[in-house]
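Letter by letter, the chains look like this.
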Amino acid sequence: MADPALHSQTPRHQTQILKEIAVDYCPDACTHCAESDSIAVTFDDRGGARWRSTTRFHYGTFGAKIQCPKGNTSGLNFNIYLSSLEGNKSQDEIDFEFLGKDKTIVQTNYYTTGTGNREEIHDLGFDCSDGFHEYVIKWYPHVIEWLIDGTLLRKDTKKDGEGFPEKPMFLYASVWDASYIDEGRWTGPYVGCDAPYVCHYKDVVVPSEVAVVEDFSC
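Residues numbered from 1 in each chain as written. Predicted model: local features only at pLDDT ≥ 70, side-chain atom pairs only at ≥ 80, totals over all residues. Heavy atoms only, no water.

Quick look at the overall build of the chain now. Helix and strand content of the chain: 0 helices and 17 strands. For the chain, the spread of C-alpha atoms along the principal axes amounts to about 55 × 35 × 35 Å. Each of the 218 residues in the chain was classed as buried or not, and the buried ones make up 51%. Considering only contacts within the chain whose residues lie at least 6 apart along the sequence, 67% involve residues at least 24 apart. A total accessible area of about 9900 Å² is found for the chain, and carbon and sulfur atoms account for 49% of it. For the chain, the distance from the average site of its 20 positive side-chain charges to the average site of its 34 negative ones is 2 Å. (Helix = DSSP H or I, 4+ residues; strand = E, 2+ residues; numbered from the N terminus. Buried < 20%, exposed > 50% of the residue type's maximum accessible area, 1.4 Å probe, protein only. Contact = heavy atoms within 4.5 Å. Areas by Shrake-Rupley, 256 points an atom, 1.4 Å probe, with all protein chains shown as cover. Lys, Arg positive; Asp, Glu negative; His and termini not counted. Charge placed at Lys NZ, Arg CZ, Asp CG, Glu CD.)

Quick look at the pattern of salt bridges now. A full pass over the atoms with the stated rule returns 10 salt bridges. Across the pair Arg-52 and Asp-24 runs a salt bridge, and its minimum N-O distance is 3.0 Å. With a gap of 28 residues between them, Arg-52 in strand β5 (residues 49–53) and Asp-24 in strand β2 (residues 21–25) connect regions that are remote in the sequence. By sharing partners, the salt bridges in this structure join Asp-24, Arg-50 and Arg-52 into a single network. (Salt bridge = Lys/Arg side-chain N within 4 Å of Asp/Glu carboxyl O.)

In this section: the pairing of strand β16 (residues 197–207). Bridge count between strand β1 (residues 15–17) and β16: 3 bridges; the pairing is antiparallel. The residue of β16 that forms the bridge with Gln-16 is Val-206. Here 6 bridges tie strand β4 (residues 38–43) to β16, and the two strands are oriented antiparallel to one another. Within the sheet, the bridge partner assigned to Thr-42 lies in β16 and is Val-198. The pairing of strand β7 (residues 60–67) with β16 spans 4 bridges and is classified as antiparallel. Residue pairing for β16: Gln-67 is matched across the bridge by His-200. (Pairing = 2+ DSSP bridges.)

Next comes the structure, spelled out in structure tokens:
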């Protein structure tokens, strides 16, 4: 059987610029300019914010050019990820997560029906706050690929008898204080000396087809 990852130009993996977003919380900390295809999320004394696509998608290519916040970002998590429904403990999810304690690394992970534990840490070879870099997730029924600046970072293939993300998912992004997790060992203790912290997203893309009608049942 041919590797589905070799067929990236199928309709499912053709992309379009995301022109409309929903902001789940703290909308005054998130700005979206459809004309310049840019989104900015600010973390300060208001907390952060989380935006998402307005529809879910069933497989496809997702990505954005991201410049992460500058300064001492210890304690913060900034990200771009797919999730069937944030806050649902049985969610499917595919992640790019930046850990504020070290801006030269990124964590990838995926969940099936609420179970993760598939984390991998990758050296970026650059500081993610120094400029824009392109982060892409390619999600197929049996393969997930994570790419940075067009270079494959990680590829996971579904194994017989194991779960794999299959629920329709939104594209999400957020900046939040994760310093309470694992007593600060994951993202570091929150310092906040360089607030406000701004994470910039531009040229966000989602599949041009296979949007799913919303019923919020999964």
